Amino acid sequence: MAAVVSSQIVVSSLDLQRKTAAGALGECLGSVKTCQIVPPRVFDTRLRARKCFEGLNSSNSRSRSEFRISSALRTDDGGASMSVQEEIPIPKGSDVDEEDLEGLTKEERLEAVQDAKLALHPERGLLEKPTDLEDRGKEEKHPFAHLHVGQRWREIQGANQWAGLLEPLDEVLRGEIMRYGEFAQVAYDAFDYDTHSHYCGSAKYHKKRLLERVGLLNRGYEVTDYIYATSGHDHPIANFFRRFDFDDTDDWDADEIWDKECNWMGFVAVATDEEEIARLGRRDIVIVWRGTVSKLEWLENLRDYLAPSAFDLQERLGSADIKIEAGFLNVYTSRHEYSAYTKRSAREQVHSALKRLVRRYKDDEMSITVTGHSLGSALAHVCAYDLAENDFHFREEHPRVPVNAIPLTVFSFAGPRVGNDAFKDRMEELGVKVLRLVNKHDRVPKVPGILLNERLEMLEEKAGFLWNWIEKLPWTYTHCGVSLEIDNLDSPFLRKSKDALNAHNLEAYIHLVNGYRGKNKGFEPAIPRDIALINKASDFLRPKHSIPPSWWQEENKGLMRTKEGRWVPRVRDPDDVPMAEDLEHETAVNFSNSS
């Protein structure tokens, strides 16, 4: 059983000569796929005309329809006029039949058939209805647009430590957690980690189109700054930044590399769309930090000792008591004189961006949100503390008193411990709010400080002298803020696995937040979201969903075919070539591939 939609298509000879027939046909049929280009003589007979649709029928995924030519005539100008019938299969067992579809437009019929499919397979209810990406960008709002934050924004940002919002999880808070999680995911999706690429370690896309290129359409934010980081070569975590072994690579010209000493580590964005600002109840500035791409070896590179933060420049208290894991501190504060991107440290880059944005929007209600996953979560903690300690969350003309502070919040995903007990206490004193999302089976939030950590704080009342001694040890760590524990074993969509990489996966975290109902209250996704995203960089989905593992990659792994039939590395769009501004000399350095 199928619904039939008839269309009359006229393709001019000029279209055929310019080889735009595929676009014309696709537009008429409402399909985003292309079909085989054929010369005018193909349209001489109905049989030959059908060839034009071979590619369309074989690759059409929009509705799984079949296209048939009912008649094909040559036009006076040498083009073709065709009557096309599109058969849209109606799923067996559904309540929809052909009579129900009579009188409906083509789009309405497609919608009805898709709804029938979803009704028959509720487990696929999270899958977005496939649409043309460009049309979706113009017409659809983002998936959280219906969740009005408005006057509740301070509460949602943690003003009351999320009291009463976690059990059960408040629907608006759920949406905001997922939204910031998607921002953190952008830093992975746009990162070039192909070691064969001249731009390995950079962002794949220009900041002006970053969100759209990774699929976050109509978010209402403008990316204003990229953040780059490096690490001192004498520190073990420097291995995280090493992409090429130049000493052993004879055929690789080091001068062609965009930068040998740093990685793209995140971005700064600000809400600029008036409708989104109204929904949020304020103008939001978000600072996003990237974590590790896939491996967890960076944990082994930590020196696992605490170092003084040295951020309390005004010496309002003994800053030597406030300590942060040395590796995180190293990444946040290191510069490299030979790198055009890290002549200023990541810390200085964030300071500059935030100062400029706060000054630009000084008359607006405002919030500052810092987010990240894994190592990115650790850097988000360090960054938020630094900003608060040095009054970057105040407008220049306002007195430095708590009532005038711009709310500063951290949404942490799968983050390790960052500092000692004094660090946690100072974060609280400064009013920095931290909500940590933790998967029960993820081992990263359990380190560093596997043995000496916040669980020993119970000794403070029973044996205060012992706790006072323990908390000053250079290996004693304490988590900050409020935690929300989720469990990947609760989701019926995921494999019953405790695999370390799967349990640490950010897309899985976002999925688990989406379905969290409360402890021992089952799992039910609240917001339509494509479950295929979970397998972007993992093999976590159950096999019945038929989603291949680690499917997020460049087409043909970044290769393109030349006119001569050779496969060569794809040349980046000039707008996406990394560019660094040397602020001291007020010049721009463009690292384009000379080849």
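Residues numbered from 1 in each chain as written. Predicted model: local features only at pLDDT ≥ 70, side-chain atom pairs only at ≥ 80, totals over all residues. Heavy atoms only, no water.

Trainee: An account of the overall build of the protein is needed here, citing residue identities and associated values.
Mentor: Per the secondary structure count, the protein includes 19 helices and 16 strands. Per-residue burial over the protein gives 53% buried out of 595 residues. Looking at the protein alone, contacts between residues at least 24 apart form 69% of all its contacts between residues at least 6 apart. (Helix = DSSP H or I, 4+ residues; strand = E, 2+ residues; numbered from the N terminus. Buried < 20%, exposed > 50% of the residue type's maximum accessible area, 1.4 Å probe, protein only. Contact = heavy atoms within 4.5 Å.)

Trainee: Break down helix H19 (residues 506-515) for me, with residues and values.
Mentor: When you tally the buried positions in H19, you get ten out of ten residues, the bulk of the element. Among the residues of H19, those classed as buried are Leu506, Glu507, Ala508, Tyr509, Ile510, His511, Leu512, Val513, Asn514 and Gly515. As for H19, its buried residues are in contact with helix H9 (171-189), strand E9 (366-373), strand E10 (408-413), strand E11 (433-439), strand E12 (482-486) and helix H18 (500-504). Taking the backbone nitrogen of Glu507 as reference, a side-chain oxygen 3.0 Å away marks Asn505 as the first, capping residue of H19. (Polar contact = N/O pair within 3.5 Å; in protein donor to acceptor, adjacent residues only side chain to side chain.)

Trainee: Outline the sheet that holds E10, listing residues and values.
Mentor: Taking strand neighbours across the sheet as the criterion, the seven strands line up as E4-E5-E6-E9-E10-E11-E12 in an open arrangement whose pairing is mixed. Two strands lie at the open edges of the sheet, namely strand E4 (221-229) and E12, each paired on one side alone. The mean inter-strand angle of the sheet, taken between neighbouring strand axes irrespective of direction, is 15°. For E9 and E10, the ladder comprises six bridges, and the chain directions are parallel. Residue pairing across strands places His373 opposite Phe413, the latter belonging to E10. Lying on the sheet, helix H14 (residues 375-389) is in contact with strand E5 (263-271), strand E6 (283-289), E9, E10 and E11; it crosses E9 at an angle near 150°. (Pairing = 2+ DSSP bridges. Axes fitted to C-alpha atoms, helices over the stretch in contact; angles between N-to-C directions.)

Trainee: Can you lay out the side chain of His381 for me, pointing to particular residues and giving the numbers?
Mentor: Relative to the helices and strands, His381 is located in helix H14. If we skip the residues at most four places from it in the chain, His381 touches Val410, Ser412, Val418, Phe423, Met427, Val434, Arg436 and Cys480.

Trainee: I'd like to hear about the packing of helix H12 (residues 326-333) against H14, residue by residue, with values.
Mentor: Between two packed helices, both the angle of their axes relative to each other and the distance between the axes serve to describe the pair. Direction vectors running N to C along H12 and H14 enclose 70°, while the axes themselves pass 10 Å from each other. The orientation of H12 relative to H14 falls into the category roughly perpendicular. Judged by the twist between their axes, the crossing of H12 over H14 is right-handed. Residues Phe328, Val331 and Tyr332 of H12 pack against Leu375, Ala378, Leu379, Val382, Cys383 and Asp386 of H14. Tallied by class, the residues present in the contact of H12 with H14 amount to eight nonpolar, no polar and one charged. (Parallel < 35°, antiparallel > 145°, perpendicular 65-115°, else oblique. Left-handed = near helix turned anticlockwise from the far one by under 90°. Nonpolar A, V, L, I, M, F, W, Y, C, P; charged D, E, K, R; others polar.)

Trainee: Report on the environment of Asp386, specifying residues and quantitative values.
Mentor: By secondary structure assignment, the location of Asp386 is in helix H14. Along the primary structure Asp386 and Ser309 are separated by 77 residues, whereas in three dimensions their C-alpha atoms are 8.8 Å apart. If we skip the residues at most four places from it in the chain, Asp386 touches Phe311, Tyr332, Arg347 and His351. At 2.9 Å, the side chain of Asp386 forms a polar contact with the side chain of Arg347.

Trainee: How would you explain the nonpolar core if you had to name every residue and give the values?
Mentor: Here is a general trend for soluble globular proteins: nonpolar side chains tend to be buried in one another's company. In terms of nonpolar packing, the biggest core is built from 69 residues, with Leu173, Ile177, Phe183, Leu210, Tyr221, Trp264 and Phe267 touching the most fellow members. Among the elements that take part in this core, H9 stands out by supplying ten residues, more than any other. If near-sequence neighbours (up to four positions away) are discounted, Leu173 is found in contact with Ile156, Trp162, Leu165, Leu166, Phe411 and Leu435. (Core = buried A, V, L, I, M, F, W, Y, C linked by side-chain atoms within 4.5 Å.)

Trainee: With reference to specific residues and values, describe the packing of aromatic side chains.
Mentor: In this structure the tally under the stated criterion is 13 aromatic pairs. When the ring of Tyr180 is compared with that of Phe411, the centres are 5.0 Å apart and the planes differ by 15°; the resulting orientation is stacked. With Tyr180 in helix H9 and Phe411 in strand E10, this pair connects stretches of sequence that are 231 residues apart. Accessibility assignment for this pair places Tyr180 and Phe411 in one class, buried. Where Phe311 meets Tyr332, the ring centres are 5.8 Å apart and the plane angle is 65°; that geometry is what we call edge-to-face. In this pair, Phe311 sits in the loop between strand E7 (306-308) and strand E8 (323-325) while Tyr332 sits in helix H12, placing the two residues 21 residues apart along the sequence. (Phe/Tyr/Trp six-rings, centres within 6.5 Å; stacked < 30°, edge-to-face > 60°.)

Trainee: Can you explain the packing of H14 against helix H15 (residues 421-429)? Please cite residues and give values.
Mentor: It is the contact of H14 with H15, at a shortest axis distance of 10 Å, that shows an interaxial angle of 55°. Looking at the two axes, H14 sits oblique to H15. Where H14 crosses over H15, the handedness of that crossing is left-handed. Facing His381, Tyr385 and Glu389 of H14, the residues of H15 in contact are Phe423, Arg426 and Met427.

Trainee: Tell me about the confidence of the model for the protein, and name the residues and values.
Mentor: For the protein, per-residue confidence averages 77 on the pLDDT scale, and residues scoring 70 or more make up 63% of the total. This model gives residues 13-72 a pLDDT under 50, and the stretch forms 115 contacts once residues within four places in sequence are excluded. (pLDDT = per-residue confidence, 0-100.)

Trainee: Break down H9 for me, citing the residues and quoting the values.
Mentor: With 19 residues, H9 should reach 27 Å at 1.5 Å per residue; the first-to-last C-alpha distance of 26 Å fits that figure. Capping of H9 at its N-terminal end is provided by Asp170; its side-chain oxygen lies 2.9 Å from the backbone amide nitrogen of Val172. (Expected span 1.5 Å × (residues − 1).)

Trainee: Which residues make up the environment of Gln157, and what values do they have?
Mentor: Position of Gln157 among the secondary structure elements: in the loop between helix H8 (153-156) and H9. Of the residues examined, Gln157 reaches a relative accessible area of 2% and is grouped as buried. When the C-alpha atoms of Gln157 and Leu435 are compared, they prove to be 9.0 Å apart, with 278 residues separating the residues in sequence. One polar contact links Gln157 to Arg282, side chain to side chain, over a distance of 3.2 Å. A distance of 3.0 Å separates the side chain of Gln157 from the side chain of Thr369, its partner in a polar contact.

Trainee: Can you lay out unusual backbone geometry for me, pointing to particular residues and giving the numbers?
Mentor: Omega for the peptide link from Glu167 to Pro168 comes to -5°, which places this bond in the cis form. If you trace the backbone, Pro168 turns up in the loop between H8 and H9. That bond from Val447 to Pro448 is cis: its omega, -20°, falls within 30 degrees of zero. Assignment of secondary structure puts Pro448 in the loop between E11 and helix H16 (459-462). Even without being glycine, Ser374 reaches a positive phi, approximately 65°. If you trace the backbone, Ser374 turns up in the loop between E9 and H14. Owing to a relative accessible area of 0%, Ser374 belongs among the buried residues under this scheme. Notably, Asn520 is not glycine yet its phi reads approximately 60°, a positive angle.

Trainee: Can you break down the pairing of E10 residue by residue, with the values?
Mentor: Across the six residues that make up E10, a large majority, six, are buried. Both faces of E10 are covered, namely the face carrying Leu408, Val410 and Ser412 and the face carrying Thr409, Phe411 and Phe413. Once the chain exits E9 it traverses H14 before rejoining the sheet at E10, and the crossover so formed is right-handed. Following the chain from E10 across H15 to the adjacent parallel E11, one finds a crossover that is right-handed. (Right-handed = clockwise from strand over helix to strand, strands pointing away.)

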